[in-house]
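For reference, the chains in residue letters:
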Amino acid sequence: MPLALLWVVTPSTEVCSGLGVTESLDGRSISNGRSKRISKKQENLNSWKLNVAKQKKRSERFPVLSSMVANPTGEMAGLSSEQRVYAVVLKQAALVNRELKKREDLDLDVKPDIAVPGTLSLLGEAYDRCGEVCAEYAKTFYLGTQLMTPTRRKAIWAIYVWCRRTDELVDGPNASHITPTALDRWEARLEDLFRGRPFDMLDAALSDTVTKFPIDIQPFKDMIEGMRLDLKKSRYMNFDELYLYCYYVAGTVGLMSVPVMGIAPESKAPTESVYNAALALGIANQLTNILRDVGEDARRGRVYLPQDELAKAGLSDEDIFTGKVTDKWRTFMKKQIRRARMFFDEAEKGVSELSAASRWPVWASLLLYREILDEIEANDYNNFTKRAYVSKAKKLLALPIAYAKSMIPPRSISSMSKV
């Protein structure tokens, strides 16, 4: 199942074999140019408690937990998927808040380049290659990144390429050869690049990016966990299970990209609420992917729809494999589309809080992906044999609308209190 990337696009590219990881995006190995990972300071417990207190109302709904989502144990395992994911959101927001405070004290926006002899040209080439991949496979989003500052633009490209390569492990030409061991090796390689030990030039771009922005490794690890699910799971018993999968393969991208896109200095919104909006857009995009690709997934023996909701609607996997549009199917699809739109609505609350230069590509993503739901309806809910897509004309029309929305400044404190 393709993931929805950077709040925006759907990636894919050959990157691995069953024995390990190989390069197909011109990712040449490097032995020098390793950027040093700035070590983290011990977490300030009082700062964490203060951040949680500001979100008391939301925290009462979702308890604050320090455990991570992937491979939950103990108390974490008994919570809903939304509660478990929210624990990660709080951790990411706290990390960004600490980093922003540190940079305010130093009067910095983005960490400066650490100049190591002979490395800047290699890094420049690595980022350029990431940009070429983004331009080839995500044209609309690439256009939007041109509005960003050069440093933020290159960082987004690096994240895009890593996510694309990761997605291809289970969805690309070599997917049939992928084993859990290969994913374990990919995760070990991720840990190396976060330590400043990149394997190739594309890894080097991301390794450099995570030294410049307060990006945590957990969302990246959780995305790999989503790939593990695709190797062993083809059914989801309820929406709680499906929500967690959507977080793994798509919601994680919002958590990766918010530190790079930046929150507008004039924004009065809590950092945690912006991360929630990013998460919601990732979930909305992935749910839209699922509804669009029902027929395609069925031909691969996969059903990414809540089994209990299918049964309640009087449907089964057999109905999906048969691929016949009935009144029962239409009623079921209307409810699924309504849920996806709710997540898009939740995502809208945070887009205007991003830095001015980052809003356009995110608004474009939201508007274009939401239109796919309109196209499913226009096809009379036949997502078995008809693929819903947004025409080029509608895409072009959406861009100026997205640009106009990106000009709307962040909400005031008074308007935030009404949400």
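What counts, and where the lines are drawn
- Residues numbered from 1 in each chain as written.
- Predicted model: local features only at pLDDT ≥ 70, side-chain atom pairs only at ≥ 80, totals over all residues.
- Heavy atoms only, no water.
- UniProt positions renumbered as here; feature names shortened; annotations may be inferred.
- Phe/Tyr/Trp six-rings, centres within 6.5 Å; stacked < 30°, edge-to-face > 60°.
- Helix = DSSP H or I, 4+ residues; strand = E, 2+ residues; numbered from the N terminus.
- Buried < 20%, exposed > 50% of the residue type's maximum accessible area, 1.4 Å probe, protein only.
- pLDDT = per-residue confidence, 0-100.
- Contact = heavy atoms within 4.5 Å.

- Per an unreviewed UniProt entry, the recorded name for the chain is 15-cis-phytoene synthase, and the organism is Salicornia europaea.
- Entered under Pathway (unreviewed entry) in the UniProt record, the comment concerning the chain runs "Carotenoid biosynthesis; phytoene biosynthesis; all-trans-phytoene from geranylgeranyl diphosphate: step 1/1."
- Within the UniProt record for the chain, the comment given under Sequence similarities (unreviewed entry) is "Belongs to the phytoene/squalene synthase family."

1. Some remarks on the packing of aromatic side chains
Here is step 1 of the chain: In the structure shown here, the tally under the stated rule is 14 aromatic pairs.
Here is step 2 of the chain: A centroid spacing of 5.5 Å and a plane angle of 20° characterise the contact between tyrosine 142 and tryptophan 157, whose relative ring orientation is stacked. Of the two residues, tyrosine 142 sits in helix H5 (residues 139–145) while tryptophan 157 sits in helix H6 (residues 150–171), which places them 15 residues apart along the sequence.
Here is step 3 of the chain: Residue tyrosine 142 is classed as partly exposed on the basis of its relative accessible area of 24%.
Here is step 4 of the chain: Consider the rings of phenylalanine 194 and phenylalanine 220, whose centres lie 5.4 Å apart with planes at 70°: the pair is edge-to-face. Remark: phenylalanine 220 occurs in helix H9 (residues 218–232) and phenylalanine 194 occurs in helix H7 (residues 180–194); sequence separation between them is 26 residues. As far as burial versus exposure is concerned, phenylalanine 194 and phenylalanine 220 are alike and both buried.

2. Focus on the confidence of the model for the chain
Here is step 1 of the chain: Here the chain averages 79 in pLDDT, while 74% of its residues score no lower than 70.
Here is step 2 of the chain: Of all helices and strands in the chain, the one with the weakest mean pLDDT is strand E1 (residues 16–17) (34), whereas helix H13 (residues 307–312) scores best (98).
Here is step 3 of the chain: Contacts from residues 112–118, a stretch scored under 50 in pLDDT, to residues over four places away or in other chains number 4 contacts.
Here is step 4 of the chain: Scored below 50 in pLDDT, residues 413–419 makes 8 contacts in the model with residues more than four places away or belonging to other chains.

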